[in-house]
Amino acid sequence: MATKLFGKDLKQYTDLSDLDDLLSQLTEEELEELNNDLDPDNSLLPPSDRIKDQTTKKPTGPFDRQKLLDFLEKKGKEEKDWEQSKEFAKETRGKVWKPKEPPKEEASEIDDMLGDTEWDDVLNNATEEELVDLAAVLGFHGMLNQVQYHASLEDKKVNAGGFKATAKMQDLIFVPDEPPNPTDDEESFDKMQANDVKLIELNLNNMRNISVERLIMFAEALKTNTHLVTLSMANTRMTDKVAKKLAEALEENKSLKTLNLESNFIGGESVVNLVEAINKNQILTELRLENQRSSVLGVKVEMKISKLVEENNTLIKLGIVLDIADARIRTQKHIQRNHDKFRRNRQGHVNATD
């Protein structure tokens, strides 16, 4: 059997010495088939040859989005809907769920034998306090809360809780809010600036309506004050700007022994400046700096604080949280050493007085 190519014998192509002559003898259908007979996975061919454009429709013009949308909408309205093989009819398929009827309670034989006794009338007519006492005597602790149980043992009146079901939690006790700080900041500032002898302790805690400028004025007045011993400024929205002024005041003040700056917005560097400032005069004995804006001070800041505390010989109370074990242990040891030294000096003073 002779080999054929496109329906013709190969002998007919032997006289063709040039490939162009061979292609010129092919029809349009044969050329189209030859163009399509390419391997699409052949990476040696360019993409334009591997994927031929199969669109035979001539271009109708530039792209018009609105015209295309109008055509699709018109086409969708003109086309008929698919015919349904079965018309819709509301029907219920499968079994319909019905709740089971609860089983009827049958009286037990023991209840029929006992019947009504005199104890039934006693328990039905008993008050809540008597039922609580009875449950405590019989040891039914799970039916009482702690308040009811201890009240029954101590013969106290039960004013909270109930006895209609299992034990309930005790009602929360309403605790009223703390009264606002009655300190007059303007009057206190005038006394502090005038270096009043009677102003020994100043409490500005929880006074959140004090402006930053007013706090800076208190810090400036602290520089020249020689009678103030205790200064509390916790929860006053103090910032690093005020803490910087306080550090400058602590370098000059020689009377303050207790300083409370808890629950403010003081950063790590400002804390270092405060501890560094109290080392100049070595007068302050108590410094509280807990619950600040940045809960984590960092390794460098904590190591600086511990090093500065080791240089202080009068500080016996320091309120601050140190996460680094080395800084925390070194600080605790030095504070304990200062406390022991203060206790020995106090005992020596007492013995000398006696």
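J.: What am I meant to see in the sheet that holds strand 6 (residues 286-288) here?
T.: Within a beta sheet, neighbouring strands are joined by backbone hydrogen bonds and run either parallel or antiparallel to one another. Across the sheet, 5 strands lie side by side as 3-4-5-6-7; this open sheet has parallel pairing. This sheet does not close on itself; its edge strands, each paired only once, are strand 3 (201-203) and strand 7 (317-319). Looking at each pair of strands side by side, their axes are set apart by 5° on average, direction ignored. Two elements, strand 5 (residues 258-260) and strand 6, share 3 bridges in a ladder whose sense is parallel. Pairing of Asn260 across the sheet is with Arg288, part of strand 6.

J.: Please explain the packing of aromatic side chains as it appears in this structure.
T.: The geometry of an aromatic ring pair is captured by the separation of the ring centres together with the interplanar angle, meaning the angle of the planes. Tallied over the full model, the rule gives 1 aromatic pair. Look at Phe189 and Phe218: their rings are 5.6 Å apart centre to centre, the planes differ by 75°, and that puts the pair in the edge-to-face class. Taken together, the positions of Phe189 in helix 9 (residues 185-193) and Phe218 in helix 10 (residues 212-224) put the pair 29 residues apart, joining distant regions of the chain. Residue class for Phe189 comes out buried when judged on its relative accessible area of 8%.

J.: Would you mind going over the environment of Thr230 with me for this structure?
T.: Positionally, Thr230 belongs in strand 4 (residues 230-232). In sequence terms Thr230 and Asn260 are 30 residues apart; their C-alpha atoms lie 8.3 Å from each other. Leaving out residues up to four positions away in the same chain, Thr230 has contacts with Ile200, Glu201, Leu202, Leu256 and Thr258.

J.: Any chance you could explain the nonpolar core here in plain terms?
T.: Here is a general trend for soluble globular proteins: nonpolar side chains tend to be buried in one another's company. Within the largest apolar cluster, 47 residues are counted, with the highest numbers of intra-cluster contacts made by Leu222, Leu261 and Leu287. When residues of this core are traced back to their parent elements, those giving at least two are helix 9, helix 10, helix 11 (240-252), helix 12 (268-281), helix 13 (299-310) and helix 14 (325-353). Contacts of Leu287, omitting those with residues within four sequence positions, involve Leu259, Val275, Ile278, Leu315, Lys317, Leu318 and Gly319.

J.: Hey, could you run me through the confidence of the model for the chain in this one?
T.: Low pLDDT means the predicted atomic positions in that stretch should not be read closely. Overall, the predicted model of the chain reaches an average pLDDT of 82, with 80% of residues at or above 70. When pLDDT is averaged over each element of the chain, strand 5 comes out on top at 96 and helix 5 (residues 109-114) at the bottom at 57.

J.: Where do I start with the packing of helix 12 against helix 13 in this structure?
T.: What describes two packed helices is the angle between their axes and the distance between those same axes. Where helix 12 meets helix 13, the closest approach of the two axes is 10 Å, and the angle between their N-to-C directions is 10°. Classified by the angle between their axes, helix 12 and helix 13 sit roughly parallel to one another. Across the interface between the two elements, Gly268, Glu269, Val271, Val272, Val275, Glu276 and Asn279 from helix 12 touch Val301, Lys304, Ile305, Leu308 and Val309 from helix 13. A breakdown of the residues in the contact of helix 12 with helix 13 according to their chemical character gives 7 nonpolar, 2 polar and 3 charged.

J.: Would you mind showing me how to read a negative patch on the surface here?
T.: On the surface, a cluster of negative charge is contributed by Glu251, Glu252, Glu276 and Glu311. On the basis of relative accessibility, which here comes to 36%, the residue Glu251 falls in the partly exposed class.

J.: Got a minute to help me understand the environment of Lys307 in this structure?
T.: Turning to its location among the elements, Lys307 is positioned in helix 13. Separated by 24 residues in sequence, Lys307 and Thr331 have C-alpha atoms that sit 8.1 Å apart.

Rules and cut-offs
- In this numbering scheme, every chain counts its residues from 1 along its sequence in written order.
- This being a predicted model, a pLDDT of at least 70 is required before a residue's local features are given, and a value of 80 or more before pairs of side-chain atoms are given or counted; all residues contribute to the totals for chains, interfaces and linings.
- Only heavy atoms go into the side-chain values, all of them from the structure, while hydrogens and water stay out.
- Two strands are said to pair when DSSP picks up at least two bridges between them.
- Put simply, DSSP marks the helices as runs of H or I at least four residues long and the strands as runs of E at least two long, and each gets a number from the N terminus on.
- Structural elements are reduced to axes, namely lines fitted to C-alpha atoms, with helices fitted over the stretch in contact, and the angle between N-to-C directions of any two is expressed from 0 to 180 degrees.
- In this analysis, rings of Phe, Tyr and Trp, with Trp reduced to its six-membered ring, are considered paired at centre separations within 6.5 Å, and the interplanar angle assigns stacked below 30 degrees, edge-to-face beyond 60, and tilted for intermediate values.
- Burial here depends on accessible area, computed with a 1.4 Å probe over protein chains only, as a share of the maximum for the residue type. Under 20% is buried, over 50% is exposed, and the range in between is partly exposed.
- In this description, contact between two residues means that some pair of their heavy atoms is separated by no more than 4.5 Å.
- Note on terminology: a nonpolar core comprises buried Ala, Val, Leu, Ile, Met, Phe, Trp, Tyr and Cys residues joined through side-chain atoms within 4.5 Å.
- The predictor rates its confidence in each residue with pLDDT, a number between 0 and 100.
- Just so you know how the angles are binned, under 35 degrees is roughly parallel, over 145 roughly antiparallel, 65 to 115 roughly perpendicular, and the rest oblique.
- Note on residue classes: Ala, Val, Leu, Ile, Met, Phe, Trp, Tyr, Cys and Pro are nonpolar, Asp, Glu, Lys and Arg are charged, and everything else, Gly too, is polar.
- Each patch is built from residues lacking any salt bridge and having more than 30% relative accessible area; the joining distance is 9 Å for like charges and 5 Å for nonpolar side chains (Val, Leu, Ile, Met, Phe, Trp, Tyr).
- Shrake-Rupley sampling with a 1.4 Å probe provides the accessible areas, and residues are treated as covered by the protein chains on show and by no other component.
- Throughout this description, the term salt bridge denotes a Lys or Arg side-chain nitrogen within 4 Å of a carboxyl oxygen of Asp or Glu.
- We count Lys and Arg on the positive side and Asp and Glu on the negative side, and we leave His and both chain ends out.
- Lys charges are placed at NZ, Arg charges at CZ, Asp charges at CG and Glu charges at CD.

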